[in-house]
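Reading the structure
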Amino acid sequence: MTGRVHLPVIDGTPVPATGQGHEMPVPADPLLDQFARRIRYLRVSVTDHCNYRCTYCMPESLIGEMSFEPRSAVLTFEELERVISVFARLGVRKIRLTGGEPTVRRGIVDLVARIANVPGIEQIVMTTNGHLLDDLAAPLKAAGVSAVNVSLDTLDAERFAKVTGRGDLSRVLAGIDAARAAGMAVKTNAVALYGVNDDEIVALCEAAWSRGATPRFIEHMPMSHGALYEQARGIAAVTIRRTIETELGALVASGASGGSERKDAGPARYWALARDPSREVGVISAMTDHFCDDCNRLRLTSTGALHACLGHDDALSLRDLVRAGGSDDDLVRAIGGSVTGKRAGHTFSDAPPTTHMMGIGG
Ligand code: SAM
Ligand code: SF4
C-alpha cells in the first residue's frame with residue numbers, strides 16, 4: 001500500500017452525467033487498477049430474487065429486513081446490453097450471470113442471447129442453484145451459456161432442504177445432468193461448513209466427477225455485516241485439501257501456475273489427484289489464502305451498482321448515469337474511476353461489508 005495513491009472512494013455518489021465531468025479525460029487504460037491487476041471479466045447479478053433461502057446467504061431471520069428491489073430499480077435488458085457493450089469495448093470478454101438466482105429473472109434466455117450478440121463478448125457463463133436448470137439448460141446453451149457453476153452443498157436430501165430453505169436436491173442433480181447433456185461445462189460449488197457438509201467433502205467430489213463436473217469448495221465469507229458468519233463453522237481450504245488427500249491420495253497443483261488457472265478465470269485454485277489428473281477439485285480460499293492478489297473482476301448488481309470489490313461496500317451507480325443520459329465515454333470514465341479505486345484486498349475479518357451475497361451474487 002505504501003507509496004500508492006488511494007483515490008477517494010466513490011460510495012453510491014451519482015457520477016457526472018453528460019455535460020458534466022468532461023474535464024476528466026477518458027482513462028487510457030480504464031481496466032488496469034493501481035495494483036497492476038487487469039480486469040478481465042464482469043459478474044452481473046441479474047436479480048436479487050431467489051427461489052431458495054440458503055442459510056449462509058439469506059436466512060429466514062433476515063428476510064423480513066431485506067427488501068427486494070422494485071422492478072423499476074433493476075436494470076432493463078436494454079440497459080444491461082448497453083453497459084455490457086461498453087465493458088466489451090474496453091476489453092471485457094467474459095460475462096458471468098448470477099443473482100440472487102439468475103434463472104428466475106423473466107426472459108433470462110433472451111437476455112443471454114442479447115449479451116451473446118454484443119461485439120467482443122466471447123464467453124457467457126452462469127452461477128445458479130440449478131433448481132430450474134433441467135428445463136433451462138438446453139435453451140440457455142443454445143442462447144450462448146457455455147458453462148454453469150451449480151451450488152451443491154450436500155448430497156443428503158434432508159440436509160439439502162434444510163440448508164437451502166426450500167431446495168430440492170433431485171431437481172438440482174437433474175439440472176446438473178441436463179447441463180452436461182446440453183454440452184455445458186459444469187462445476188459444483190459447496191460452501192464448506194462444519195455441521196453442514198464437513199463429512200461430505202470426498203462424497204461431493206465423487207458425485208461431481210461421476211457426473212462429468214468439477215467439484216469446488218468455497219470458504220464461507222462474512223457478508224451482510226457478518227450477520228450470518230461464525231468463524232468456527234467455516235472449513236479452511238487447507239482442511240478441505242487434507243481431507244481429500246487422506247481418503248484419495250496426494251493432490252497436485254493443477255493449472256498454469258501452482259493451483260491457478262487461466263487469467264480470465266475466477267478465484268478458485270485447482271488441484272488434481274496425483275493418481276488421476278483428470279479428477280480436479282477447486283478451492284476458493286477467500287478467508288485463509290489467495291483471493292485478492294490477482295483479482296481480475298468487477299461486479300454489477302441488478303440495480304446497476306458497480307462494485308470493484310466483493311468485500312467492500314464501495315459502489316458506483318452506472319444505472320443512474322445511464323438514466324441521466326450519460327454517454328459511453330461517461331460510462332468509461334465512471335468504470336475507470338471504479339477500477340482506480342479498487343482496494344488492495346478485502347477486509348472481511350475486520351470490517352465485513354453490509355452488502356448481502358444475495359445482492360451481489362458471489
Ligand atoms: N443463486 C445462485 C447460486 O446459488 O449459485 C447464484 C448466486 S449465489 C450468491 C453465488 C454463490 O455464492 C453460490 O455458490 C453460493 O453458495 C455462494 N455463497 C452465498 N453466500 C456465501 C457466503 N456467505 N460465503 C461464501 N459463499 C457464499
Ligand atoms: Fe439463493 Fe444462491 Fe443465495 Fe442460495 S446461495 S439463497 S440459491 S442466491
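Note that the structure is a prediction, hence the values are computed from the model and not measured. (Residues numbered from 1 in each chain as written. Chains lettered and ligands numbered in written order. Predicted model: local features only at pLDDT ≥ 70, side-chain atom pairs only at ≥ 80, totals over all residues. Heavy atoms only, no water.)

For the rest of this paragraph, the subject is the overall build of the protein chain. Secondary structure assignment for the protein chain yields eleven helices and twelve strands. Counting only contacts in the protein chain whose residues sit at least 6 apart along the sequence, the fraction spanning at least 24 positions is 76%. Carbon and sulfur atoms make up 50% of the accessible area of the protein chain, which totals about 15,000 Å². (Helix = DSSP H or I, 4+ residues; strand = E, 2+ residues; numbered from the N terminus. Contact = heavy atoms within 4.5 Å. Areas by Shrake-Rupley, 256 points an atom, 1.4 Å probe, with all protein chains shown as cover.)

Under the criterion given, the structure shown has one aromatic pair. Ring centres of tyrosine 52 and phenylalanine 160 lie 6.2 Å apart, and the angle between their planes is 80°; on these two criteria the pair is classed as edge-to-face. Within this pair, whereas tyrosine 52 is found in the loop between β1 (41-45) and α1 (60-63), its partner phenylalanine 160 is found in helix α5 (residues 157-164), the two being separated by 108 residues in sequence. Residues tyrosine 52 and phenylalanine 160 agree in their burial class; the two are buried. Looking at arginine 241, its charged tip hangs above the ring of tryptophan 271, at a distance of 4.4 Å from the centre. (Phe/Tyr/Trp six-rings, centres within 6.5 Å; stacked < 30°, edge-to-face > 60°. Buried < 20%, exposed > 50% of the residue type's maximum accessible area, 1.4 Å probe, protein only. Lys NZ or Arg CZ within 6 Å of the ring centre and 35° of its normal.)

All residues in the neighbourhood of ligand 2 are listed as Cys50, Tyr52, Cys54, Cys57, Gly100, Asn129 and Met358. A class-by-class count of the residues in the shell around ligand 2 yields five nonpolar, two polar and no charged. (Near = heavy atom within 4 Å. Nonpolar A, V, L, I, M, F, W, Y, C, P; charged D, E, K, R; others polar.)

What follows concerns the packing of helix α7 (residues 201-210) against helix α8 (residues 237-248). The N-to-C vectors of α7 and α8 enclose an angle of 75°; their axes lie 9 Å apart at closest approach. By the angle class used here, α7 and α8 are roughly perpendicular. Across the interface between the two elements, Ile201, Val202, Cys205, Glu206 and Trp209 of α7 pack against Ile240, Thr243, Ile244, Glu247 and Leu248 of α8. A class-by-class count of the residues in the contact of α7 with α8 yields seven nonpolar, one polar and two charged. (Axes fitted to C-alpha atoms, helices over the stretch in contact; angles between N-to-C directions. Parallel < 35°, antiparallel > 145°, perpendicular 65-115°, else oblique.)

Take the pattern of salt bridges next. Tallying each qualifying case throughout the model produces 16 salt bridges. Note that arginine 82 is salt-bridged to aspartate 328, the shortest N-O span being 2.8 Å. With arginine 82 in helix α2 (residues 77-90) and aspartate 328 in helix α10 (residues 328-340), the pair connects residues that are 246 residues apart, well separated along the chain. In this structure, a network of salt bridges that share partners links the residues Glu78, Glu81 and Arg114. (Salt bridge = Lys/Arg side-chain N within 4 Å of Asp/Glu carboxyl O.)

Around ligand 1 sit 18 residues in total, of which Gly100, Glu101, Ser151, His220 and Met221 are the nearest. At 3.2 Å from an oxygen atom of ligand 1 is found a side-chain nitrogen or oxygen belonging to tyrosine 56. Protein contact buries 95% of the 540 Å² of open area that ligand 1 shows by itself. Mapped onto the shell around ligand 1, the elements with two or more residues apiece are β3 (123-128), β5 (185-192) and β6 (214-219). (Polar contact = N/O pair within 3.5 Å; in protein donor to acceptor, adjacent residues only side chain to side chain.)

Let us now look at the layout of surface pockets. The computed volume of the second largest pocket comes to approximately 450 Å³. In this structure, the second largest pocket is lined by 21 residues; those nearest its centre are Glu69, Thr301, Thr303, Ala305 and His307. Counting residues per element, the ones that place at least two in the lining of the second largest pocket are β11 (305-307), α9 (318-323) and α11 (357-360). The dominant element in the lining of the second largest pocket, judged by the number of residues it contributes, is α11, at three residues. Tallied by class, the residues present in the lining of the second largest pocket amount to five nonpolar, eleven polar and five charged. (1 Å grid on protein atoms, 1.4 Å probe; cavity = no way out; pocket = protein on both sides within 12 Å on 5 of 7 lines; lining within 4 Å. Points joined across faces, edges and corners; volume = space filled by probe spheres on them.)

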